[in-house]
Amino acid sequence: AERRKKAADVIEEVDRAFATPTPMLRDIADAMVEEMERGLRADPHAPIKMLISYVDNLPTGDEHGLFYALDLGGTNFRVIRVQLGGKEKRVVQQYEEVAIPPHLMVGTSIELFDFIAAELERFVATEGDDFYLPEGRQRELGFTFSFPVNQTSISSGTLIKWTKGFSINGTVGDDVVAELSRAMERQGLDMKVTALVNDTVGTLAGGIYDDKDVVAAVILGTGTNAAYVEHANAIPKWNGLLPRSGNMVINMEWGNFKSDKLPHSEYDRALDFESLNPGEQIYEKMISGMYLGEIVRRILLKLAHDASLFGDVVPPKLEHLFALRTPDMSAMHHDTSHDLRFMLSKLKDILGVADISLEARYITLHICDKVAERGARLAAAGIYGILKKLGRDRVPSDGSPKKRTVVAVDGGLFEHYKKFSSCVEATLADLLGKEAASSVVVKMANDGSGIGAALLAASHSQYA
Ligand code: ADP
Ligand code: MG
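What counts, and at which threshold
- Residues numbered from 1 in each chain as written.
- Chains lettered and ligands numbered in written order.
- Predicted model: local features only at pLDDT ≥ 70, side-chain atom pairs only at ≥ 80, totals over all residues.
- Heavy atoms only, no water.
- Disulfide = S-S within 2.5 Å.
- Buried < 20%, exposed > 50% of the residue type's maximum accessible area, 1.4 Å probe, protein only.
- Helix = DSSP H or I, 4+ residues; strand = E, 2+ residues; numbered from the N terminus.
- Polar contact = N/O pair within 3.5 Å; in protein donor to acceptor, adjacent residues only side chain to side chain.
- Contact = heavy atoms within 4.5 Å.
- Axes fitted to C-alpha atoms, helices over the stretch in contact; angles between N-to-C directions.
- Parallel < 35°, antiparallel > 145°, perpendicular 65-115°, else oblique.
- Left-handed = near helix turned anticlockwise from the far one by under 90°.
- Nonpolar A, V, L, I, M, F, W, Y, C, P; charged D, E, K, R; others polar.
- Pairing = 2+ DSSP bridges.
- Near = heavy atom within 4 Å.
- Areas by Shrake-Rupley, 256 points an atom, 1.4 Å probe, with all protein chains shown as cover.
- Core = buried A, V, L, I, M, F, W, Y, C linked by side-chain atoms within 4.5 Å.
- Arc of directions from axis to C-beta.
- Phe/Tyr/Trp six-rings, centres within 6.5 Å; stacked < 30°, edge-to-face > 60°.
- Lys NZ or Arg CZ within 6 Å of the ring centre and 35° of its normal.

> Is there a simple way to explain the state of the cysteines in this structure?
By definition, a disulfide links the sulfur atoms of two cysteines through a covalent bond. For the structure shown, the criterion picks out 0 disulfides. Looking at Cys368, it has no disulfide partner, and the nearest cysteine sulfur is the one in Cys423, 14 Å off. Judged by relative accessible area, Cys423 falls into the buried class, the value being 17%.

Here is the structure:
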(Lines give C-alpha, C1' and ligand atoms only; values in the text may rest on other atoms or scores of the structure.)
(Ligands and ions follow the chains in the order given, each with its own letter.)
Protein backbone atom coordinates (compact mmCIF):
# COMPACT_ATOMS: atom_id res chain seq x y z
CA ALA A 1 0.00 0.00 0.00
CA GLU A 2 2.89 2.30 0.85
CA ARG A 3 4.46 1.46 -2.54
CA ARG A 4 1.20 2.11 -4.33
CA LYS A 5 0.89 5.49 -2.71
CA LYS A 6 4.44 6.42 -3.68
CA ALA A 7 3.90 5.31 -7.28
CA ALA A 8 0.67 7.30 -7.42
CA ASP A 9 2.52 10.38 -6.18
CA VAL A 10 5.22 10.13 -8.85
CA ILE A 11 2.64 9.52 -11.59
CA GLU A 12 0.51 12.40 -10.45
CA GLU A 13 3.54 14.66 -10.52
CA VAL A 14 4.47 13.45 -14.02
CA ASP A 15 0.92 14.05 -15.24
CA ARG A 16 1.09 17.57 -13.90
CA ALA A 17 4.59 18.36 -15.21
CA PHE A 18 4.00 16.86 -18.67
CA ALA A 19 0.59 18.40 -19.32
CA THR A 20 0.31 20.57 -22.42
CA PRO A 21 -3.12 22.18 -22.37
CA THR A 22 -4.11 23.92 -25.60
CA PRO A 23 -3.68 27.48 -24.22
CA MET A 24 -0.09 26.56 -23.32
CA LEU A 25 0.50 25.36 -26.88
CA ARG A 26 -0.85 28.65 -28.22
CA ASP A 27 1.60 30.53 -26.01
CA ILE A 28 4.42 28.30 -27.23
CA ALA A 29 3.49 28.93 -30.87
CA ASP A 30 3.51 32.67 -30.18
CA ALA A 31 6.91 32.39 -28.50
CA MET A 32 8.14 30.43 -31.53
CA VAL A 33 7.00 33.24 -33.85
CA GLU A 34 8.78 35.81 -31.68
CA GLU A 35 11.97 33.78 -31.69
CA MET A 36 11.73 33.34 -35.46
CA GLU A 37 11.64 37.10 -35.80
CA ARG A 38 14.59 37.54 -33.47
CA GLY A 39 16.59 35.00 -35.45
CA LEU A 40 15.76 36.74 -38.72
CA ARG A 41 17.11 39.97 -37.19
CA ALA A 42 20.31 38.18 -36.13
CA ASP A 43 19.74 39.05 -32.49
CA PRO A 44 22.88 37.54 -30.92
CA HIS A 45 20.85 35.98 -28.10
CA ALA A 46 18.26 34.40 -30.37
CA PRO A 47 18.15 30.66 -29.64
CA ILE A 48 16.74 29.88 -33.09
CA LYS A 49 19.38 30.72 -35.66
CA MET A 50 17.06 31.01 -38.70
CA LEU A 51 19.92 30.16 -41.05
CA ILE A 52 19.93 31.45 -44.61
CA SER A 53 20.13 28.46 -46.94
CA TYR A 54 21.09 30.28 -50.15
CA VAL A 55 18.27 28.34 -51.77
CA ASP A 56 16.15 31.04 -53.40
CA ASN A 57 14.73 28.91 -56.18
CA LEU A 58 13.02 25.62 -55.56
CA PRO A 59 12.84 22.76 -58.05
CA THR A 60 10.58 23.30 -61.03
CA GLY A 61 10.43 19.74 -62.32
CA ASP A 62 12.50 20.55 -65.40
CA GLU A 63 15.75 19.28 -63.87
CA HIS A 64 17.66 16.81 -66.02
CA GLY A 65 20.61 14.50 -65.64
CA LEU A 66 22.44 12.19 -63.27
CA PHE A 67 23.04 13.44 -59.76
CA TYR A 68 24.17 11.97 -56.48
CA ALA A 69 23.18 12.87 -52.97
CA LEU A 70 24.62 11.99 -49.62
CA ASP A 71 22.57 12.34 -46.46
CA LEU A 72 24.44 12.51 -43.17
CA GLY A 73 22.25 13.22 -40.22
CA GLY A 74 21.91 10.77 -37.42
CA THR A 75 22.48 7.13 -36.92
CA ASN A 76 22.59 6.22 -40.59
CA PHE A 77 23.73 7.90 -43.69
CA ARG A 78 22.44 7.40 -47.15
CA VAL A 79 23.94 7.51 -50.57
CA ILE A 80 21.49 8.24 -53.36
CA ARG A 81 21.65 8.34 -57.12
CA VAL A 82 18.93 9.82 -59.30
CA GLN A 83 18.41 10.22 -62.99
CA LEU A 84 16.21 13.28 -63.44
CA GLY A 85 14.12 13.25 -66.57
CA GLY A 86 12.17 16.49 -66.54
CA LYS A 87 8.40 16.77 -66.12
CA GLU A 88 7.53 13.66 -68.14
CA LYS A 89 10.02 11.17 -66.83
CA ARG A 90 10.65 12.56 -63.34
CA VAL A 91 13.14 10.31 -61.56
CA VAL A 92 14.81 6.97 -61.37
CA GLN A 93 16.46 6.57 -58.04
CA GLN A 94 18.53 4.10 -56.10
CA TYR A 95 19.85 4.39 -52.62
CA GLU A 96 21.77 2.56 -49.96
CA GLU A 97 21.70 3.11 -46.24
CA VAL A 98 24.78 2.60 -44.12
CA ALA A 99 24.94 2.59 -40.32
CA ILE A 100 27.54 4.94 -38.92
CA PRO A 101 29.85 2.99 -36.63
CA PRO A 102 29.34 4.62 -33.20
CA HIS A 103 33.06 5.23 -32.65
CA LEU A 104 33.10 7.46 -35.72
CA MET A 105 30.46 9.73 -34.18
CA VAL A 106 32.88 10.73 -31.46
CA GLY A 107 36.17 10.26 -33.32
CA THR A 108 37.98 12.58 -35.69
CA SER A 109 36.65 14.49 -38.61
CA ILE A 110 39.05 12.80 -41.03
CA GLU A 111 37.98 9.31 -39.98
CA LEU A 112 34.30 10.19 -40.36
CA PHE A 113 34.67 11.81 -43.78
CA ASP A 114 37.03 9.10 -45.06
CA PHE A 115 34.48 6.48 -44.11
CA ILE A 116 31.71 8.37 -45.91
CA ALA A 117 33.80 8.96 -49.04
CA ALA A 118 34.75 5.29 -49.18
CA GLU A 119 31.10 4.21 -48.97
CA LEU A 120 30.18 6.75 -51.63
CA GLU A 121 32.95 5.53 -53.92
CA ARG A 122 31.71 1.95 -53.48
CA PHE A 123 28.20 3.06 -54.40
CA VAL A 124 29.30 5.01 -57.47
CA ALA A 125 31.03 1.86 -58.71
CA THR A 126 27.63 0.12 -58.91
CA GLU A 127 26.12 2.69 -61.30
CA GLY A 128 24.14 0.77 -63.93
CA ASP A 129 22.66 1.36 -67.36
CA ASP A 130 19.64 3.30 -66.11
CA PHE A 131 21.98 6.18 -65.41
CA TYR A 132 23.73 8.36 -67.90
CA LEU A 133 26.48 10.95 -67.58
CA PRO A 134 27.31 12.92 -70.74
CA GLU A 135 30.91 12.64 -72.07
CA GLY A 136 33.42 14.82 -70.35
CA ARG A 137 31.25 15.73 -67.37
CA GLN A 138 32.09 15.42 -63.73
CA ARG A 139 29.61 13.70 -61.42
CA GLU A 140 27.88 16.15 -59.09
CA LEU A 141 26.55 15.72 -55.59
CA GLY A 142 24.07 17.34 -53.25
CA PHE A 143 25.30 16.99 -49.68
CA THR A 144 22.57 16.82 -47.07
CA PHE A 145 24.22 17.60 -43.77
CA SER A 146 21.76 17.76 -40.91
CA PHE A 147 23.66 19.80 -38.38
CA PRO A 148 23.63 23.56 -37.93
CA VAL A 149 25.84 25.18 -40.55
CA ASN A 150 26.56 28.80 -41.33
CA GLN A 151 26.18 28.71 -45.08
CA THR A 152 28.54 30.98 -46.99
CA SER A 153 27.08 30.00 -50.37
CA ILE A 154 24.89 27.26 -51.78
CA SER A 155 27.91 24.96 -51.82
CA SER A 156 29.90 25.93 -48.74
CA GLY A 157 29.34 26.41 -45.05
CA THR A 158 30.97 26.07 -41.67
CA LEU A 159 29.78 23.82 -38.88
CA ILE A 160 28.28 25.71 -35.92
CA LYS A 161 28.04 22.74 -33.56
CA TRP A 162 27.47 19.01 -33.50
CA THR A 163 24.15 17.71 -32.11
CA LYS A 164 22.32 14.37 -31.72
CA GLY A 165 25.12 12.37 -30.16
CA PHE A 166 27.88 13.50 -32.50
CA SER A 167 30.87 15.05 -30.84
CA ILE A 168 33.94 15.41 -33.00
CA ASN A 169 36.83 17.58 -32.03
CA GLY A 170 38.04 20.28 -34.34
CA THR A 171 35.31 20.31 -36.97
CA VAL A 172 33.37 23.27 -35.59
CA GLY A 173 34.21 26.30 -37.75
CA ASP A 174 35.42 24.17 -40.65
CA ASP A 175 33.86 24.11 -44.10
CA VAL A 176 32.15 20.73 -44.28
CA VAL A 177 32.13 20.73 -48.10
CA ALA A 178 35.90 21.20 -48.13
CA GLU A 179 36.23 18.34 -45.61
CA LEU A 180 34.11 16.05 -47.77
CA SER A 181 35.84 17.11 -51.00
CA ARG A 182 39.27 16.39 -49.52
CA ALA A 183 38.10 12.98 -48.38
CA MET A 184 36.75 12.24 -51.88
CA GLU A 185 40.10 13.24 -53.33
CA ARG A 186 41.94 10.96 -50.92
CA GLN A 187 39.58 8.25 -52.11
CA GLY A 188 40.29 9.03 -55.76
CA LEU A 189 36.64 9.83 -56.36
CA ASP A 190 36.07 12.52 -58.98
CA MET A 191 32.93 14.30 -57.88
CA LYS A 192 31.93 17.90 -57.19
CA VAL A 193 29.67 19.05 -54.37
CA THR A 194 27.38 21.64 -55.96
CA ALA A 195 24.86 22.00 -53.14
CA LEU A 196 25.16 21.82 -49.37
CA VAL A 197 21.74 21.54 -47.81
CA ASN A 198 20.22 20.86 -44.47
CA ASP A 199 17.85 17.86 -44.45
CA THR A 200 14.91 20.19 -43.81
CA VAL A 201 15.83 22.19 -46.92
CA GLY A 202 16.24 18.99 -48.93
CA THR A 203 12.84 17.78 -47.72
CA LEU A 204 11.30 21.10 -48.65
CA ALA A 205 12.83 20.93 -52.15
CA GLY A 206 11.79 17.29 -52.62
CA GLY A 207 8.34 18.12 -51.23
CA ILE A 208 7.75 20.99 -53.66
CA TYR A 209 8.88 18.82 -56.57
CA ASP A 210 6.00 16.51 -55.65
CA ASP A 211 3.45 19.10 -54.61
CA LYS A 212 3.78 22.83 -55.31
CA ASP A 213 1.73 23.77 -52.25
CA VAL A 214 4.42 22.67 -49.79
CA VAL A 215 5.40 25.71 -47.70
CA ALA A 216 7.41 24.12 -44.92
CA ALA A 217 9.28 20.95 -44.07
CA VAL A 218 9.67 19.41 -40.65
CA ILE A 219 12.02 16.65 -39.55
CA LEU A 220 10.96 14.37 -36.72
CA GLY A 221 13.70 11.74 -36.55
CA THR A 222 16.71 11.36 -34.32
CA GLY A 223 16.53 15.13 -33.93
CA THR A 224 13.99 17.73 -34.97
CA ASN A 225 14.17 20.78 -37.19
CA ALA A 226 12.14 22.78 -39.71
CA ALA A 227 12.59 24.90 -42.82
CA TYR A 228 10.18 27.12 -44.70
CA VAL A 229 9.98 29.57 -47.57
CA GLU A 230 10.32 33.15 -46.32
CA HIS A 231 9.90 36.43 -48.19
CA ALA A 232 13.40 37.76 -48.68
CA ASN A 233 12.25 41.21 -47.60
CA ALA A 234 11.10 39.80 -44.26
CA ILE A 235 14.70 38.84 -43.40
CA PRO A 236 16.35 41.95 -41.91
CA LYS A 237 19.73 40.21 -41.61
CA TRP A 238 19.83 39.40 -45.33
CA ASN A 239 21.87 42.15 -46.96
CA GLY A 240 22.65 40.49 -50.27
CA LEU A 241 20.73 41.19 -53.44
CA LEU A 242 17.03 40.52 -53.36
CA PRO A 243 16.63 37.15 -55.10
CA ARG A 244 14.61 37.27 -58.30
CA SER A 245 12.07 34.87 -56.83
CA GLY A 246 11.65 37.20 -53.86
CA ASN A 247 12.01 34.16 -51.61
CA MET A 248 14.64 32.56 -49.45
CA VAL A 249 14.46 29.19 -47.74
CA ILE A 250 15.24 29.47 -44.04
CA ASN A 251 16.65 26.55 -42.08
CA MET A 252 15.25 27.37 -38.67
CA GLU A 253 17.33 25.06 -36.47
CA TRP A 254 14.27 25.02 -34.25
CA GLY A 255 15.65 22.22 -32.11
CA ASN A 256 17.45 24.89 -30.12
CA PHE A 257 14.19 26.70 -29.29
CA LYS A 258 13.73 27.42 -25.64
CA SER A 259 11.09 29.36 -23.79
CA ASP A 260 9.82 29.62 -20.25
CA LYS A 261 6.50 28.53 -21.73
CA LEU A 262 7.87 25.03 -22.38
CA PRO A 263 6.90 22.45 -19.74
CA HIS A 264 10.48 21.66 -18.76
CA SER A 265 10.35 19.05 -15.99
CA GLU A 266 12.94 17.80 -13.51
CA TYR A 267 13.49 14.84 -15.86
CA ASP A 268 14.25 17.15 -18.76
CA ARG A 269 16.66 19.14 -16.63
CA ALA A 270 18.56 16.03 -15.58
CA LEU A 271 18.65 14.66 -19.13
CA ASP A 272 19.98 17.97 -20.42
CA PHE A 273 22.59 18.21 -17.67
CA GLU A 274 23.97 14.76 -18.47
CA SER A 275 23.86 15.21 -22.26
CA LEU A 276 26.75 15.89 -24.64
CA ASN A 277 25.41 19.42 -25.18
CA PRO A 278 23.97 20.80 -21.92
CA GLY A 279 21.83 23.91 -22.24
CA GLU A 280 21.38 23.38 -25.96
CA GLN A 281 18.67 21.88 -28.15
CA ILE A 282 16.12 22.10 -25.33
CA TYR A 283 13.05 21.77 -27.61
CA GLU A 284 14.70 18.87 -29.50
CA LYS A 285 15.36 17.08 -26.21
CA MET A 286 11.61 17.18 -25.39
CA ILE A 287 10.45 15.99 -28.81
CA SER A 288 12.79 13.90 -30.87
CA GLY A 289 13.55 10.23 -31.29
CA MET A 290 16.94 10.37 -29.68
CA TYR A 291 15.41 11.49 -26.38
CA LEU A 292 11.82 10.29 -25.89
CA GLY A 293 12.83 6.82 -24.73
CA GLU A 294 15.46 8.32 -22.46
CA ILE A 295 12.86 10.54 -20.77
CA VAL A 296 10.69 7.46 -20.19
CA ARG A 297 13.69 5.61 -18.74
CA ARG A 298 14.31 8.42 -16.26
CA ILE A 299 10.71 8.38 -15.04
CA LEU A 300 10.70 4.58 -14.74
CA LEU A 301 13.95 4.80 -12.77
CA LYS A 302 12.33 7.22 -10.36
CA LEU A 303 9.38 4.84 -9.98
CA ALA A 304 11.75 1.93 -9.45
CA HIS A 305 13.61 3.84 -6.74
CA ASP A 306 10.72 5.46 -4.93
CA ALA A 307 8.04 2.84 -5.41
CA SER A 308 9.91 -0.41 -6.19
CA LEU A 309 8.05 -0.60 -9.50
CA PHE A 310 10.16 -3.49 -10.76
CA GLY A 311 10.66 -5.27 -7.45
CA ASP A 312 12.77 -4.73 -4.37
CA VAL A 313 15.95 -4.01 -6.28
CA VAL A 314 16.22 -1.41 -8.97
CA PRO A 315 17.16 -3.25 -12.19
CA PRO A 316 20.78 -2.18 -12.79
CA LYS A 317 20.22 -1.92 -16.54
CA LEU A 318 17.61 0.76 -15.95
CA GLU A 319 20.38 2.99 -14.61
CA HIS A 320 22.14 3.10 -17.97
CA LEU A 321 21.81 6.24 -20.06
CA PHE A 322 19.82 5.60 -23.22
CA ALA A 323 19.05 2.00 -22.17
CA LEU A 324 15.49 2.49 -23.40
CA ARG A 325 15.40 3.54 -27.03
CA THR A 326 12.47 5.27 -28.69
CA PRO A 327 11.70 2.39 -31.09
CA ASP A 328 11.34 0.14 -28.00
CA MET A 329 9.15 2.72 -26.31
CA SER A 330 7.03 2.88 -29.45
CA ALA A 331 6.73 -0.91 -29.63
CA MET A 332 5.60 -1.05 -25.99
CA HIS A 333 3.23 1.87 -26.46
CA HIS A 334 1.49 0.14 -29.37
CA ASP A 335 0.87 -3.09 -27.47
CA THR A 336 -2.89 -3.61 -27.58
CA SER A 337 -2.97 -7.05 -25.94
CA HIS A 338 -5.06 -7.08 -22.75
CA ASP A 339 -2.21 -8.41 -20.65
CA LEU A 340 0.45 -6.28 -22.37
CA ARG A 341 2.49 -9.32 -23.21
CA PHE A 342 4.61 -7.67 -25.93
CA MET A 343 5.49 -4.94 -23.52
CA LEU A 344 6.34 -7.63 -20.97
CA SER A 345 8.87 -9.36 -23.19
CA LYS A 346 10.38 -6.05 -24.34
CA LEU A 347 10.69 -4.73 -20.81
CA LYS A 348 12.14 -7.99 -19.47
CA ASP A 349 14.71 -7.76 -22.21
CA ILE A 350 15.60 -4.15 -21.63
CA LEU A 351 15.66 -4.35 -17.85
CA GLY A 352 17.07 -7.86 -17.59
CA VAL A 353 14.53 -8.94 -14.97
CA ALA A 354 12.57 -12.19 -14.68
CA ASP A 355 9.06 -10.81 -14.35
CA ILE A 356 7.13 -7.56 -14.25
CA SER A 357 3.72 -7.15 -12.68
CA LEU A 358 0.73 -6.28 -14.82
CA GLU A 359 0.36 -3.09 -12.81
CA ALA A 360 3.94 -2.05 -13.59
CA ARG A 361 3.29 -2.69 -17.26
CA TYR A 362 0.21 -0.50 -17.22
CA ILE A 363 2.14 2.22 -15.45
CA THR A 364 4.87 1.99 -18.09
CA LEU A 365 2.24 2.29 -20.81
CA HIS A 366 0.89 5.40 -19.14
CA ILE A 367 4.35 6.97 -18.95
CA CYS A 368 5.01 6.25 -22.65
CA ASP A 369 1.71 7.88 -23.41
CA LYS A 370 2.48 11.03 -21.43
CA VAL A 371 5.97 11.46 -22.88
CA ALA A 372 4.97 10.77 -26.50
CA GLU A 373 1.90 12.96 -26.24
CA ARG A 374 3.85 15.89 -24.87
CA GLY A 375 6.48 15.58 -27.60
CA ALA A 376 3.88 15.36 -30.35
CA ARG A 377 1.86 18.29 -29.02
CA LEU A 378 4.95 20.47 -28.70
CA ALA A 379 5.93 19.61 -32.28
CA ALA A 380 2.42 20.55 -33.45
CA ALA A 381 2.72 23.88 -31.62
CA GLY A 382 5.93 24.58 -33.53
CA ILE A 383 4.30 23.79 -36.87
CA TYR A 384 1.37 25.99 -35.92
CA GLY A 385 3.88 28.77 -35.15
CA ILE A 386 5.34 28.52 -38.66
CA LEU A 387 1.88 28.64 -40.21
CA LYS A 388 1.11 31.72 -38.10
CA LYS A 389 4.32 33.39 -39.25
CA LEU A 390 3.26 32.70 -42.85
CA GLY A 391 -0.32 33.86 -42.30
CA ARG A 392 -1.52 30.38 -43.23
CA ASP A 393 -3.17 29.69 -39.88
CA ARG A 394 -6.54 31.16 -40.82
CA VAL A 395 -8.86 31.44 -43.76
CA PRO A 396 -8.56 34.77 -45.59
CA SER A 397 -11.01 37.30 -44.13
CA ASP A 398 -11.18 39.37 -47.33
CA GLY A 399 -13.08 36.70 -49.23
CA SER A 400 -10.07 35.69 -51.36
CA PRO A 401 -9.92 31.96 -52.10
CA LYS A 402 -8.50 29.58 -49.53
CA LYS A 403 -4.94 28.55 -50.29
CA ARG A 404 -4.00 24.93 -49.88
CA THR A 405 -1.08 24.60 -47.47
CA VAL A 406 1.12 21.52 -47.26
CA VAL A 407 3.71 20.72 -44.60
CA ALA A 408 6.13 17.96 -45.65
CA VAL A 409 7.31 15.82 -42.74
CA ASP A 410 10.17 13.36 -42.81
CA GLY A 411 11.97 11.34 -40.16
CA GLY A 412 11.83 7.90 -38.61
CA LEU A 413 10.00 9.08 -35.50
CA PHE A 414 7.07 10.47 -37.47
CA GLU A 415 7.14 7.62 -39.95
CA HIS A 416 7.16 4.72 -37.51
CA TYR A 417 5.63 5.98 -34.27
CA LYS A 418 1.92 6.00 -35.20
CA LYS A 419 0.59 7.28 -31.88
CA PHE A 420 3.09 10.12 -32.08
CA SER A 421 2.28 11.12 -35.66
CA SER A 422 -1.49 10.92 -35.20
CA CYS A 423 -1.18 13.12 -32.15
CA VAL A 424 0.86 15.70 -34.10
CA GLU A 425 -1.83 15.80 -36.77
CA ALA A 426 -4.77 15.92 -34.37
CA THR A 427 -3.17 18.65 -32.29
CA LEU A 428 -2.36 20.79 -35.31
CA ALA A 429 -5.97 20.45 -36.50
CA ASP A 430 -7.18 21.42 -33.05
CA LEU A 431 -4.93 24.50 -32.95
CA LEU A 432 -6.00 25.59 -36.44
CA GLY A 433 -9.70 25.10 -35.86
CA LYS A 434 -12.02 23.31 -38.22
CA GLU A 435 -12.12 25.80 -41.06
CA ALA A 436 -8.42 26.58 -41.38
CA ALA A 437 -7.52 22.94 -40.80
CA SER A 438 -9.51 21.94 -43.86
CA SER A 439 -6.92 23.52 -46.17
CA VAL A 440 -3.79 22.36 -44.30
CA VAL A 441 -2.25 18.99 -45.14
CA VAL A 442 0.55 17.25 -43.28
CA LYS A 443 2.26 14.95 -45.71
CA MET A 444 4.81 12.23 -45.07
CA ALA A 445 7.69 12.99 -47.44
CA ASN A 446 9.59 9.77 -47.25
CA ASP A 447 13.21 10.46 -48.08
CA GLY A 448 12.32 13.72 -49.75
CA SER A 449 15.59 15.11 -48.47
CA GLY A 450 17.71 12.82 -50.66
CA ILE A 451 15.86 13.63 -53.89
CA GLY A 452 15.68 17.24 -52.77
CA ALA A 453 19.45 17.47 -52.39
CA ALA A 454 19.94 15.88 -55.82
CA LEU A 455 17.46 18.37 -57.31
CA LEU A 456 19.32 21.26 -55.73
CA ALA A 457 22.61 19.83 -56.96
CA ALA A 458 21.04 19.83 -60.43
CA SER A 459 19.74 23.38 -60.30
CA HIS A 460 23.16 24.55 -59.09
CA SER A 461 25.16 22.38 -61.48
CA GLN A 462 28.42 23.79 -62.85
CA TYR A 463 27.01 22.97 -66.29
CA ALA A 464 23.60 24.56 -65.80
P1 ADP B 1 17.88 10.60 -38.84
O2 ADP B 1 16.96 11.49 -38.10
O3 ADP B 1 18.94 10.04 -37.98
O4 ADP B 1 18.37 11.18 -40.12
P5 ADP B 1 15.62 8.91 -39.43
O6 ADP B 1 14.82 10.01 -39.99
O7 ADP B 1 15.60 7.61 -40.14
O8 ADP B 1 17.13 9.27 -39.27
O9 ADP B 1 15.12 8.69 -37.95
C10 ADP B 1 15.67 7.72 -37.14
C11 ADP B 1 15.12 7.90 -35.77
O12 ADP B 1 13.73 7.65 -35.77
C13 ADP B 1 15.71 6.96 -34.77
O14 ADP B 1 16.84 7.53 -34.13
C15 ADP B 1 14.57 6.75 -33.78
O16 ADP B 1 14.66 7.71 -32.76
C17 ADP B 1 13.33 7.04 -34.57
N18 ADP B 1 12.65 5.78 -34.89
C19 ADP B 1 13.02 4.86 -35.79
N20 ADP B 1 12.17 3.82 -35.78
C21 ADP B 1 11.24 4.08 -34.85
C22 ADP B 1 10.10 3.39 -34.34
N23 ADP B 1 9.72 2.21 -34.79
N24 ADP B 1 9.39 3.99 -33.38
C25 ADP B 1 9.75 5.18 -32.91
N26 ADP B 1 10.82 5.88 -33.32
C27 ADP B 1 11.55 5.34 -34.28
MG1 MG C 1 17.60 12.24 -41.69
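> In this structure, what is going on with unusual backbone geometry? I would like to understand it.
Both trends apply: most residues other than glycine have a negative phi, and most peptide bonds are in trans. Even without glycine at this site, Lys164 takes up a positive phi of about 50 degrees. The topology assignment puts Lys164 in the loop between strand E7 (156-159) and helix H6 (176-187). The phi torsion at Leu340 lies on the positive side, around 50 degrees, for a residue other than glycine. The topology assignment puts Leu340 in the loop between helix H11 (326-333) and helix H12 (341-351).

> Could you clarify how one ought to interpret the side chain of Glu179 in this entry?
Along the chain, Glu179 turns up in helix H6. In terms of polar contacts, Glu179 uses its side chain to reach the side chain of Ser109, at 3.1 Å. With sequence-adjacent residues up to four places away left out, Glu179 is seen in contact with Ser109, Phe113 and Asp174.

> Would you mind showing me how to read H11 here?
An α-helical turn contains 3.6 residues, so any two residues separated by three or four positions project in the same direction. Of all 8 residues in H11, 6 are buried, a share of seventy percent or more. Buried residues of H11: Thr326, Asp328, Met329, Ser330, Met332 and His333, and no others.

> Could you clarify how one ought to interpret the packing of H11 against helix H13 (residues 358-389) in this entry?
Helix packing for two helices is described by the angle between their axes and how far apart those axes are. With their axes 9 Å apart at the nearest point, H11 and H13 run at an angle of 120 degrees to one another. The orientation of H11 with respect to H13, classified from their angle, is oblique. Considering the relative orientation of H11 and H13, their crossing is left-handed. Mapping the contact onto sequence places Met329, Met332 and His333 in H11 and Thr364, Leu365, Cys368, Asp369, Val371 and Ala372 in H13. Classifying every residue of the contact of H11 with H13 gives 6 nonpolar, 2 polar and 1 charged.

> Would you explain the sheet that holds strand E4 (residues 91-99) in this entry?
As a general point, the strands of a sheet are linked pairwise by backbone hydrogen bonds and lie either parallel or antiparallel. Across the sheet, which stays open at both edges, the 5 strands sit in the order E4-E3-E2-E5-E8 with mixed pairing between neighbours. Strands at the two margins of the open sheet, each flanked by one partner only, are E4 and strand E8 (191-197). The sheet shows a mean angle of 20 degrees between the axes of neighbouring strands, direction not considered. Here helix H16 (residues 448-459) sits on the sheet in contact with strand E2 (64-72), strand E3 (76-85), E4, strand E5 (139-145) and E8, set at roughly 130 degrees to E2.

> Can you walk me through the environment of Ile80 in this structure?
With respect to the secondary-structure elements, Ile80 resides in strand E3. In the structure, Ile80 is positioned 156 residues away from Pro236 in sequence and 36 Å away in space, judged by C-alpha atoms. Discounting residues that sit within four places of it in the chain, Ile80 has contacts with Phe67, Tyr68, Ala69, Gln93, Gln94, Tyr95, Phe123, Asp447 and Gly450.

> I tried to follow the side chain of Ser439 on my own but got confused; where do I start?
With respect to the element layout, Ser439 can be found in the loop between helix H15 (418-437) and strand E13 (440-444). Not counting residues within four places of it along the chain, the set of residues in contact with Ser439 comprises Lys402, Lys403, Arg404 and Thr405.

> I keep staring at the pairing of E7 and nothing clicks. Help me out?
One face of the sheet, then the other: side chains in a regular strand alternate in exactly this way. The sheet contact formed by strand E6 (residues 149-153) and E7 spans 4 bridges and is antiparallel. When the bridges of E7 are listed, Asn150 appears paired with Thr158.

> Is there a simple way to explain the site of ligand 1 in this structure?
Not every one of the 14 residues close to ligand 1 is listed here, only the nearest: Gly74, Thr222, Gly289, Gly411 and Gly412. Gly289 has a polar backbone atom sitting 3.2 Å from an oxygen atom of ligand 1. Interatomic distance of 2.9 Å between a backbone N/O atom of Gly412 and an oxygen atom of ligand 1. Contact with the protein chains hides 75% of the accessible area of ligand 1, taken as 560 Å² for the molecule alone. Elements with a minimum of two residues in the shell around ligand 1: H11 and helix H14 (412-416). Taken together, the residues that form the shell around ligand 1 break down as 4 nonpolar, 10 polar and no charged.

> Looking at this structure, how should I read the nonpolar core?
Nonpolar side chains tend to gather and get buried jointly when the protein is soluble and globular. Membership of the largest hydrophobic core comes to 92 residues, with the highest contact counts inside it found for Met252, Leu303 and Phe310. Among the elements that line this core, the one with the most residues is H13, at 16 residues. In contact with Met252, not counting residues within four places along its chain, are Met32, Met36, Ile48, Lys49, Met50, Asn225, Ala226, Ala227, Tyr228 and Ile386.

> When you look at helix H8 (residues 266-273) in this model, what are you seeing that I'm missing?
Buried within H8 are the following residues: Tyr267, Asp268, Leu271 and Asp272. Looking straight down H8, one finds that the buried residues subtend no more than 130 degrees of arc, so they occupy a single side. Against helix H1 (2-17), helix H9 (282-287), helix H10 (292-307) and H13 lie the buried residues of H8.

> What should I look at first to understand the packing of aromatic side chains in this one?
For any pair of aromatic rings, geometry is given as the distance between the ring centres together with the angle between the planes. Going through the model one piece at a time under the given rule, you end up with 13 aromatic pairs. Ring centres of Phe77 and Phe115 lie 6.0 Å apart, and the angle between their planes is 75 degrees; on these two criteria the pair is classed as edge-to-face. Within this pair, whereas Phe77 is found in strand E3, its partner Phe115 is found in helix H5 (residues 109-124), the two being separated by 38 residues in sequence. Overall, the relative accessible area of 1% leaves Phe77 in the buried class. Each ring, one from Tyr417 and one from Phe420, has its centre 6.1 Å from the other, and the planes form 40 degrees; the classification is tilted. Accessibility expressed as a relative area gives 0% for Phe420, which makes it buried. Members of the aromatic cluster, connected to one another through ring pairs, are Phe143, Phe145, Phe147, Trp162 and Phe166. Sitting over the face of the ring of Phe123, Arg81 holds its NZ or CZ atom 4.1 Å from the ring centroid. When the ring centre of Phe147 is taken as origin, the NZ or CZ atom of Lys164, which lies over that ring, is 4.7 Å away.

> Before we go on, may I ask you to explain the environment of Asp174 in this structure?
Its location among the elements puts Asp174 in the loop between E7 and H6. On the basis of relative accessibility, which here comes to 26%, the residue Asp174 falls in the partly exposed class. Put simply, Asp174 and Phe414 are 240 residues apart on the chain and 32 Å apart in space, counted from C-alpha to C-alpha. Those residues within four positions of Asp174 in sequence are excluded, and the remaining contacts are Gly157, Thr158, Leu159 and Glu179.

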